[in-house]
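What follows is each chain in one-letter form.
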Amino acid sequence: ATPVSIMVGSGRAAQMGVLFRSGAALEGLGAAQVVAVDKTGTVTQGRPEVTEVVVNGGWLKGDGELLRLTAAAEASSEHPLARAIERAALGEENDVNSLSPATDFQAIPGYGVQATVDGQRVEVGAARYMAKLGLALGALEAQADALAKRGRTPVFVAVDGELAGLLGVADPVRAGSVDAIRTLQGQGTEVAMITGDTRATAQAVAAEVGVSRVLAEVLPEGKSDAVQELQAGGRKVAFVGDGINDAPALARADVGVAIGTGTDVAVETADVILMSGDLRGVPNAIALSRATLRNIR
Ligand code: ADP
Ligand code: MG
């Protein structure tokens, strides 16, 4: 590519809200055969809401108390799920100080959190976290499956080593996601989704946006391995993500694309930055990259 065509291409991209960090990124993106997208915060809005609260049969304290204990345990967590639970527990009053203080807080990335609240041990997280703790899901398992099939992320809560309940958390897809993925496929690119979320939840969201290849229940440190898996046979892979846990995958991909409203680490690691959260920036940038390459031949 000539410096002039790269300059022209980068300038056009900037007008569309796409920043290329280098000429190599502008050339590389159009050559990607696979575009892998992170789910939470990339395909979806990343502003989850608690939509269901299920109290386990034997736990008599009720759904208000379940939410308050869970929110207290999540107070120090930076996960988007934690903020959703906090908003649900506080409702209108919205006063964080009205929650009991938590001690011994610990985050287990990719699994959940644990903390002590009002002298009780509270553990919050995915089914695999409950499995790690040796807790059987019992009747909640079928309810969690039903929620997951509707695209909800199931969040289990254990109090003093007993399963107390289950929250369903919804994270709507972004307005441009369906269109973006259809356009990418029309450009001859395979689209895959990588997420730490439950398989059934991931598949429901993937079906909603038209993605058939899903790598789910990927631990934070496994996202770059997932990209490597997609690179099998020398295929060029672009990865699109927004979170701290996406940084290794952004670095591993042939081209890393960050959502500009995402976390600093993701933006700093990426080769391409989408200034708006709209995923349609990716097919637009690919079209531009290809046009730039054609111009120089
Ligand atoms: P992703 O952002 O792709 O969902 P994460 O690795 O951040 O991936 O989380 C994977 C899963 O672990 C989440 O979907 C959730 O089920 C569980 N989890 C992680 N952190 C928390 C938390 N603070 N509270 C509840 N669940 C959590
Ligand atoms: Mg994300």
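Here is what the cut-offs are and how they apply
Residues numbered from 1 in each chain as written. Chains lettered and ligands numbered in written order. Predicted model: local features only at pLDDT ≥ 70, side-chain atom pairs only at ≥ 80, totals over all residues. Pairing = 2+ DSSP bridges. Helix = DSSP H or I, 4+ residues; strand = E, 2+ residues; numbered from the N terminus. Axes fitted to C-alpha atoms, helices over the stretch in contact; angles between N-to-C directions. Contact = placed C-beta atoms within 7 Å. Near = placed C-beta within 6 Å. Nonpolar A, V, L, I, M, F, W, Y, C, P; charged D, E, K, R; others polar. Domains from an automatic or database assignment. Buried ≥ 20, exposed ≤ 12 C-beta atoms within 10 Å, placed from the backbone.

The name that an unreviewed UniProt entry assigns to the protein chain is P-type Cu(+) transporter, with the source organism given as Deinococcus radiopugnans ATCC 19172.

S.K.: I keep staring at the sheet that holds strand β12 (residues 255-259) and nothing clicks. Help me out?
M.R.: Strand pairing in a sheet relies on backbone hydrogen bonds, with the paired strands running either antiparallel or parallel. Read from one edge of the open sheet, 7 strands run β1-β13-β12-β11-β2-β9-β10, paired in mixed fashion. Each having just a single partner strand, β1 (18-20) and β10 (213-215) make up the two edges of the open sheet. For this sheet, the mean angle separating the axes of adjacent strands, direction not counted, is 20°. Direction of pairing for strand β9 (residues 190-194) relative to β10: parallel, over a ladder of 3 bridges. Considered in β10, the bridge of Ile194 is made with Leu215. Most of the contacts of helix α13 (residues 281-295) go to β1, to which it runs at about 50°, and overall it touches β1, β2 (34-38), β11 (237-241), β12 and β13 (272-274).

S.K.: When you look at the site of ligand 1 in this model, what are you seeing that I'm missing?
M.R.: Around ligand 1 sit 23 residues, and of these Ser77, His79, Gly110, Ala126 and Gly196 come closest. Listing elements by their share of the shell around ligand 1, those giving two or more residues are α3 (39-43), α5 (80-90), β5 (112-117), β6 (120-125) and β7 (153-159). Residues belonging to the shell around ligand 1 are distributed by class as follows: 9 nonpolar, 11 polar and 3 charged. For the shell around ligand 1, the domains that each give at least three residues are domain 1 (3-45 + 173-295) and domain 2 (49-170).

S.K.: How should unusual backbone geometry be read in this particular structure?
M.R.: Of note in this structure, Asp118 is not a glycine but carries a positive phi near 50°. Relative to the elements of secondary structure, Asp118 occurs in the loop between β5 and β6. C-beta crowding within 10 Å serves as the criterion here: with 13 such atoms nearby, Asp118 is assigned to the partly exposed category. The phi dihedral of Asp160 is positive, around 50°, even though this residue is not glycine. Among the structural elements, Asp160 can be located in the loop between β7 and β8 (162-170).

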